[in-house]
Structures are given as structure tokens and as C-alpha cells.
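Examination of the molecular architecture
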Amino acid sequence: MTGLMLKDLLILRKNMRTYLLFIILYGGLAATGVWSPEFVGGFIMVLTAILPMNVFAYDKQAKWDTYGLALPVGRTKTVAARYAVLLLLCLFGVLLECAIGVAMIAMGKLEEPGTYLATCTVCGLIAALTNAVLLPFLYKFGPEQARIALFVLMGFIVLLGVLFLGPLGGAEWLESLGEPTPAQIASIPFIAAIVGVVLLAVSFLLSRHFYGTKDV
């Protein structure tokens, strides 16, 4: 299983180098005040949601499934290794967000750390939700159809915001909650982590089922 995780990380290393360059560039723009630090944190989690799809695309191009199933690993461990890599990517993204936040605070560019923390946490939860929905589609239909599902999911989230957040007074309700307390802000990452793990656990069970019945 460790070898499968290493294989996925080696596949992603070139993409991760490119994305790190973008993050450094965007972080520099945030330091100069062109973009907000929250935008950089959100961008990191968007990349976290996209990276797993690249692994599936490379695997299909190399016909990995035909070879991988001949190894004495089993389908369950194969799926578990991919989800473990996803968790590592999420953890790396969170640590990178924290590092950017600390750097911005040191430079005096981040006046509301609580807002930054809440924004990055929400973006991380959205990334977990996106992967929880996307990975079963990837195992069931492959990267091409799953990419369409990703766009549909993103459009659905935007549509929900347009239809319900504005017309039904959702924005006013959020404003009426007032400024969150430090205790509430500190609890946000823990709640988001629990919700994200639960979503990915359900997603793993679905992916294991789809990959277990897949004829390659």
C-alpha cells in the first residue's frame, strides 16, 4: 500500500511543482495587496480538489489498472492508498495555508486572522466534499465523465447560492449572526475536519464497491 501511495505522489510531483510556483506567485501578490490572503488559501484547496483527477488520467493513459490488479495488493488497499494520498494532500494544503497566514500576520497584511481561518476552513471542507463526490465517479466512469460531473457539481453549488442565499435572505441571516467569538472560530477547523473525514469515509465505501465490481 505504501508503494501505491508513493506511485501516486511521484505522478503528481511535476504538477505539484507547477502549482507551488503559482502559489508563491499568488502569495507575493497577496503580500503586495493585489489579492486578499483568503483568495490564496481558497486557491490552494481548489488545487487539492483537482490533483486526484490527474492521477486517474495518468493511470488510464498508462493502463495501470490492468497491471495493478495483477499485483498481490487487492482492490480495497488500492482504493485506500489513493484516499490516503488525498488526505496527505489535504494536510499539506492546510499546513501551507497556515504558513501563508503566519507570514501575512508577520508582515502586517492580515488584520483578521479569524476570518482567514474560517475562509480557509470552509474552502478545505468544500475540497473534501468535492473529492468525496468526485472519486466514486472516477472509479465508476473514468476521468472524462467524472470531469463533467465536477463541472456540474461546481455549477450546482453556485446555483444553490444564487437561488437560495440571496432571494431567501441567507446573506442577511449570516450577517445577523454577528462576529464569531474566539471559541467559535477555534472550533471551526475541528468541526470541518470531522465532517470532511465522514464524507470521505462514505466516499471510500462507494469507491471500493465500484472498483471492486469493475471489469478491467
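Residues numbered from 1 in each chain as written. Predicted model: local features only at pLDDT ≥ 70, side-chain atom pairs only at ≥ 80, totals over all residues. Heavy atoms only, no water.

Re unusual backbone geometry
Quick note on the threshold: Here a strand is any run of E in DSSP of at least two residues, a helix any run of H or I of at least four, and the numbering for each starts at the N terminus.
Here the phi dihedral of Lys63 falls at roughly 55°; this positive angle occurs in a residue that is not glycine. Examined against the element boundaries, Lys63 turns out to sit in the loop between α2 (37–62) and α3 (64–68).

As for empty space enclosed by the protein
Put simply, the rule reads: A cavity, in this analysis, means grid points on a 1 Å lattice covering only the protein atoms where a 1.4 Å probe fits yet has no way out; a pocket is instead an open set bounded by protein on both sides within 12 Å along at least five of seven lines, and a residue lines either one if it has an atom within 4 Å of a point. Grid points are joined across faces, edges and corners, and a volume is the space filled by probe spheres set on the points. Ten residues, namely Ala, Val, Leu, Ile, Met, Phe, Trp, Tyr, Cys and Pro, are considered nonpolar, four, namely Asp, Glu, Lys and Arg, are considered charged, and the remaining ones, Gly among them, are considered polar.
One pass over the structure, following the stated rule, counts two cavities of 30 Å³ or more. The calculated volume of the largest cavity comes to roughly 140 Å³. Lining the largest cavity we find Met16, Tyr19, Leu20, Ile23, Ile44, Leu47, Thr48, Leu51, Leu89, Phe92, Gly93 and Leu96. Sorting the residues of the lining of the largest cavity by element identifies α1 (2–31), α2 and α4 (75–106) as the ones contributing at least two each. Class assignment for the residues of the lining of the largest cavity results in 10 nonpolar, two polar and no charged. Residue lining of the second largest cavity: Asp8, Leu12, Pro52, Val55, Arg82, Val85, Leu86, Leu89 and Leu135, and that is the complete set. Secondary-structure elements contributing two or more residues to the lining of the second largest cavity are α1, α2 and α4. A total of four residues in the lining of the second largest cavity trace back to one element, the largest contributor, which is α4. Looking at the lining of the second largest cavity residue by residue, the class counts come to seven nonpolar, no polar and two charged.

Points about the pattern of salt bridges
Definition in use: Counted as salt bridges are all cases of a side-chain nitrogen of Lys or Arg within 4 Å of a carboxyl oxygen of Asp or Glu. Exposure is judged per residue with a 1.4 Å probe applied to protein chains only, and the accessible area is read against the type maximum: over 50% gives exposed, under 20% gives buried, and values in between give partly exposed.
Following the criterion strictly, the structure yields four salt bridges and no others. Across the salt bridge formed by Lys7 and Asp8, the nearest N and O atoms sit 2.9 Å from each other. The burial state of Lys7 is the same as that of Asp8; both residues are buried. Here Lys7 makes a salt bridge to Asp59, at a shortest N to O gap of 3.2 Å. Taken together, the residues Lys7 in helix α1 and Asp59 in helix α2 connect sequence positions 52 residues apart. On the basis of relative accessible area, Asp59 is assigned to the buried category, the value being 8%. Connected via shared salt-bridge partners are Lys7, Asp8, Asp59 and Arg82.

A short note on the packing of α1 against α4
Applied cut-off: Comment: axis = line fitted to C-alpha atoms, over the contacting stretch for helices; angle = value between 0 and 180 degrees taken between N-to-C directions. To sort the angles, those under 35 degrees are grouped as roughly parallel, those over 145 as roughly antiparallel, those from 65 to 115 as roughly perpendicular, and the leftovers as oblique. Crossing chirality is assigned from the near helix's rotation relative to the far helix, an anticlockwise turn below a right angle marking it left-handed and a clockwise turn marking it right-handed. Whether two residues are in contact is decided by their heavy atoms: any pair within 4.5 Å suffices.
Two numbers describe how α1 lies on α4: the axes approach to 12 Å, and their chain directions differ by 20°. One way to sum up the angle between α1 and α4 is to call them roughly parallel. Every pair of crossing elements has a handedness; the one defined by α1 and α4 is right-handed. When α1 is examined against α4, the residues Leu4, Met5, Lys7, Asp8, Leu9, Leu12, Met16, Leu20, Ile23, Gly27, Ala30 and Ala31 are found in contact with a partner set consisting of Lys77, Thr78, Ala81, Arg82, Ala84, Val85, Leu88, Leu89, Phe92, Leu96, Ile100 and Met104. Grouping the constituent residues of the contact of α1 with α4 by class yields 18 nonpolar, two polar and four charged.

Quick word on the environment of Gly28
Along the chain, Gly28 turns up in helix α1. For Gly28, a relative accessible area of 34% gives the class partly exposed. For the pair Gly28 and Val40, spaced 12 residues apart in sequence, the C-alpha separation works out to 9.8 Å.

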